Amino acid sequence: MTDQTTPEIELSEAQASEFWTGKRKQRFWRSIQAILIVLAAFVMLVPIIWIFLASFKSHVEVYQLRLFFTPTLENYGTVFEEPYNLGAKLYNSTIVAFVTVAFAIPIATMAAYSFSRFRLKFETTILVVILATQFVPAVVIILPFFIMFRDLGLLDTRIGLIMVNLAIVMPFAIWMIKGFIDGIPMDTEEAAMVDGSSRLQVIKNIVLPMAAPGLVTASIFCFILAWNEFLFALFLTNRDAVTLPIGLALFRGEEGDLWNLLSAAGIIIMAPMFVLALAIRKYFVQGMTMGAVR
Amino acid sequence: MAEIRLKNLTKRWGDFIGVDDQSLDIHDEEFLVLLGPSGCGKTTTMRMIAGLEDPTAGEIWIGDRMVNDDLPKDRDVAMVFQNYGLYPHMTIYDNIAYPLKVRGTPKADIKPRVERAAEQVELTEFLHRKPKALSGGQRQRVALARAIVRTPKVFLMDEPLSNLDAKLRVTMRAELKHLSRALQITTVYVTHDQIEAMTLADRVAVMRHGIIQQLGTPDDIYNDPANMFVAGFIGSPAMNLINGSVQSGMFITTGGTKLVGIGGPDRESAILGVRADDMSVHDAGEGDIDVTIYAFENTGESTLLTVQWGKQRVIARGDRHLRKEQDDVVGIKLNPDHLYLFDPESGDRIRMGGA
Amino acid sequence: MSHIPPMPTMRDRTLKYLLVLPAVLVVFATAVWPLIESLRFSFYQGRTDRGDFPQNWLGFENYTWAFLYEPPFWNSVYVTGLYTVVTVVLTTAFALGLAMLLAPGGKLRSGVQTLLILPFAMSPALIGVSFRFMFNPEFGLFDAFFGVVFPPLADVSWLANPDLAFAVIVMADVWGWIPFLTLVLIGGLASVPQDTIEAAQVDGASGWRVFKDVTLPQLLPVLAVVIILKAIFSLKTFDQVFMLTNGGPGTATQTLSHYIYITSTRYGQVGYAASVAWLMVIPMMVLTYFYAKFVFKKDDGA
């Protein structure tokens, strides 16, 4: 009777390979891909989530590798108190980033319009120089500023910081806005000129309204750059004009890093940038590559 | 109302010549079409009239004023752009009103004029919308309304129908013609579409390589082309151009076939031009020449026969009821009144019968 | 009319220069001037602990000093070079893989694409801090994770070991840059015409062949841009290093930027620091040259 057991299903080699072709194989790869994607997303987010969680942990729990804890808002209060006084840094960062953008965007817009619409002598040279300044290491630029500010008494002032931040922001702003203006059809402007507008009327009535979304995007992008700027602030500030990223160093106490406070400060620095970055996410790549990739 | 005079107008970019020393008088209230393939200088000519491009040399006169140094806004022209150039952030009403507003027209005047212009192009119900919400044909009308809302000295139209689909283009063409007859304003119209040129123009200027090849009425251009380029550019299907020679008053094809008597002195090489419509299709042996059908096409309103003619292929138009098969042999007869002879070197027309 | 220049010549001869002037002045004052001034400093003895600045003209002495008598300089050149190569290769490879995974679109994929913006909006300094946190030997999450998958690493103190500290700054950098490169490459993949890929599939090419023969060659320009850009930013790296290891242990993770920072601030040798800074500018200029070529080729091709 033993030979009446269910016949073994033997797959020939051809059948076996058949098994792995077509839809079945496709479905298999699809699940592998989905798993990889989720894994990648997880790796990308884990440090952020971990910091987020740590910012709600007490100073005891933060020193333990635990997922479950009693959340507390205490850290978010402590960082604003003496001796950390994060509020002052928040104020500095906000002022510096705002004023930098307020100067950079109008100036960049004027230049971007001209680069986009006219032929200038040395146009390519000027554009390449502007592009190149963005790649110059900050440590090179900072040395003369450090000496000059020392002599002029501008060290540890917001004004000084705003001046050097313009160096970082301007090339991005010019290239980014130029990209947006390049995208406005010439037809529209020419129609306005034939319709009776002067050049300045064209800019005011046609170009600025049409470029407005682009200008907002560029402003946000530059705001993020200025907000996250680290090296200039490290060189040029020590007490009064310290910005948020430099402020992180405050939480390195004698007893080691105060991770719960550091995390809370980190969240305060990144949360607004996350919101801004998500708002302009479509243009982030374009801005960062300065027109090399569209 | 004004005439336009171009005197020895030239536009150069470095080595590239856009328009080469051209003069052209456009009459008051005339509808003039600049026709030519892309890159022939027609758009450049128009942009120079508008003031969007500075001429390298020469003069542009609108009415009795030399406008070379006037900004576009001071030339009193209206222009319709290929891509319409609508202001996307303004409503249709504001788009049409813009030329009036920017010129300081009193507010009370603007409204009735915008509404009248909108009415003329049947846009009244869309005035509160933005351009984005309109179809291609409707956008085209907005551009038109924006041009006619004032009474400019000159209308300039840069391929205004080229972005519309084929069916809409025919409708808009008729509307444009109707409107231009009603408005009676000097109009310069740029196109590469010979049918638009033929149907709309009082006169057509055919351009190539920055030079006007021929200036004349649509009839002139079609029936009496000045050279091989004009002959080949106008007409659909394009005029057949047959290589050969003239011996004792007969045109002999390169293959050695005696084709047709055309008179005139002997020539070692010449090109015979004949339109598809000027060839009639007969049974084999009954035409000037017997040929084999390479392809037979029925377009509905007529039939097109591409026939093998020695080494060349020639297109003849047949009756709509004609039915033939590939490789059939037919006789072709040429209409002796509508044959054109060209010099193969220069492309110039050789006038027949003169000798 | 492709051969006619796209921009019309308009008669705003003065205006067009007036519009550019403020921007040119700002860029000159904030970037070009300091660059030249740095070059000038590099030929002087420039100590900040003295009142006058700069002091004696030294000619090329600062440069020869760096080359001949400063092992820390060579160390930072080595660290920066290795760091640049490793981070460029790893970031590009991971980003390309992730871009291929995410490019097809759909709910899950576009959701993940959106999340990718987040690490990129993080300040590099903050990335440094968070990785120091994650690799803390007692309660760091990554530290614990690596201890589990690879037990020999269970009890090491990452940031105290020269090689592992280097590995950590590399990981932090790669983590921080993958999202951006991925997003750029997704854009690049999207611009590869779908019909060329479909043509290859119909022609009978397997998935891998389609990628190798059709997709990759068309992606090369974008890939080149990405690699140049990443190389430039890798060469400049400072923020994460400062926050994560501060160059240590010893000088095991001291990049050129960090070396310049230390010599100019801690030791007040601004003249010498400027000469090292200028040695850094040179490779940067080469990379910028190639980058600019891509930017302007793109403009002409349109």
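Computed from a predicted model, the values in this text were never measured in an experiment.

### Observations regarding the pairing of strand 1 (residues 4-13) of chain B
Consecutive side chains of a regular strand alternate in pointing toward one face of the sheet and then the other. Residue and element names in this part refer to chain B. Summarising the sheet, strand 1 and strand 2 (residues 16-26) pair through 7 bridges and their orientation is antiparallel. Bridged to Leu 9 within strand 2 is Gln 22. Between strand 1 and the antiparallel strand that follows it, strand 2, lie 2 residues; Gly 14 among them carries a positive phi value of about 60°. Bridging between strand 1 and strand 4 (residues 57-62) involves 5 bridges; their strand directions are antiparallel.

### Here we look at the interface of chain C and chain A
Between chain C and chain A, the residue contacts involve 98 residues of the former and 98 residues of the latter. At the junction of chain C with chain A, the criterion picks out 1 salt bridge. Between chain C and chain A we count 11 residue pairs in polar contact (both at pLDDT 80 or more) in total. Of all the elements, helix 1 (residues 13-41) of chain C adds the most residues to the side of chain C that touches chain A, at 21 residues. Of the residues assigned to the side of chain C that touches chain A, the class counts are 75 nonpolar, 13 polar and 10 charged.

### Brief notes about the sheet that holds strand 7 (residues 154-158) of chain B
Residue and element names in this part refer to chain B. Across the sheet, which stays open at both edges, the 6 strands sit in the order 6-7-8-3-9-10 with mixed pairing between neighbours. Lying at the two open borders of the sheet, with one neighbouring strand each, are strand 6 (77-80) and strand 10 (211-216). Adjacent strand axes in the sheet meet at a mean angle of 20° when their direction is disregarded. Here 5 bridges tie strand 7 to strand 8 (residues 186-191), and the two strands are oriented parallel to one another. Directly across from Val 154, in strand 8, lies its bridge partner Thr 186. Docked against the sheet, helix 4 (residues 136-148) engages strand 6 and strand 7, running at close to 175° with respect to strand 6.

### Side note on the sheet that holds strand 19 (residues 329-334) of chain B
Residue and element names in this part refer to chain B. The 5 strands lie next to each other as 15-19-16-17-18, forming an open sheet whose pairing is antiparallel. Among the strands making up the open sheet, the edge pair consists of strand 15 (279-283) and strand 18 (312-318). Ignoring which end each strand starts from, the neighbouring axes of this sheet average 45° apart. With 5 bridges joining them, strand 15 and strand 19 adopt antiparallel strand pairing. The partner of Val 281 across the bridge, within strand 19, is Ile 332.

### Structural notes on a positive patch on the surface
All names here are of chain A. On the surface, a cluster of positive charge is made up of Lys 23, Arg 24, Arg 27 and Arg 30. With respect to the helices and strands, the residue Arg 27 is situated in helix 2 (residues 22-54). Residue class for Arg 27 comes out exposed when judged on its relative accessible area of 58%.

### With respect to the pattern of salt bridges
Residues and elements named next belong to chain A. As enumerated under the stated definition, the model contains 26 salt bridges over all chains in all. The partner of Glu 189 in a salt bridge is Arg 117, and the shortest N-O contact between them spans 2.6 Å. Placement of Glu 189 in helix 8 (residues 186-194) and of Arg 117 in helix 4 (residues 86-117) is noted, with a sequence separation of 72 residues between them. The burial state of Glu 189 is the same as that of Arg 117; both residues are buried. Taking the shortest distance from any N to any O, the salt bridge between Asp 240 and Arg 239 comes out at 3.4 Å. Residue classification places Arg 239 among the exposed positions, given a relative accessible area of 62%. One network of salt bridges, in which partners are shared, links Arg 117, Glu 189 and Arg 199.

Each value, and the rule that gives it
Residues numbered from 1 in each chain as written. Chains lettered and ligands numbered in written order. Predicted model: local features only at pLDDT ≥ 70, side-chain atom pairs only at ≥ 80, totals over all residues. Heavy atoms only, no water. Pairing = 2+ DSSP bridges. Helix = DSSP H or I, 4+ residues; strand = E, 2+ residues; numbered from the N terminus. Contact = heavy atoms within 4.5 Å. Salt bridge = Lys/Arg side-chain N within 4 Å of Asp/Glu carboxyl O. Polar contact = N/O pair within 3.5 Å; in protein donor to acceptor, adjacent residues only side chain to side chain. Nonpolar A, V, L, I, M, F, W, Y, C, P; charged D, E, K, R; others polar. Axes fitted to C-alpha atoms, helices over the stretch in contact; angles between N-to-C directions. Patch = residues over 30% accessible without salt bridge, like charges linked within 9 Å, V, L, I, M, F, W, Y side chains within 5 Å. Areas by Shrake-Rupley, 256 points an atom, 1.4 Å probe, with all protein chains shown as cover. Lys, Arg positive; Asp, Glu negative; His and termini not counted. Charge placed at Lys NZ, Arg CZ, Asp CG, Glu CD. Buried < 20%, exposed > 50% of the residue type's maximum accessible area, 1.4 Å probe, protein only.

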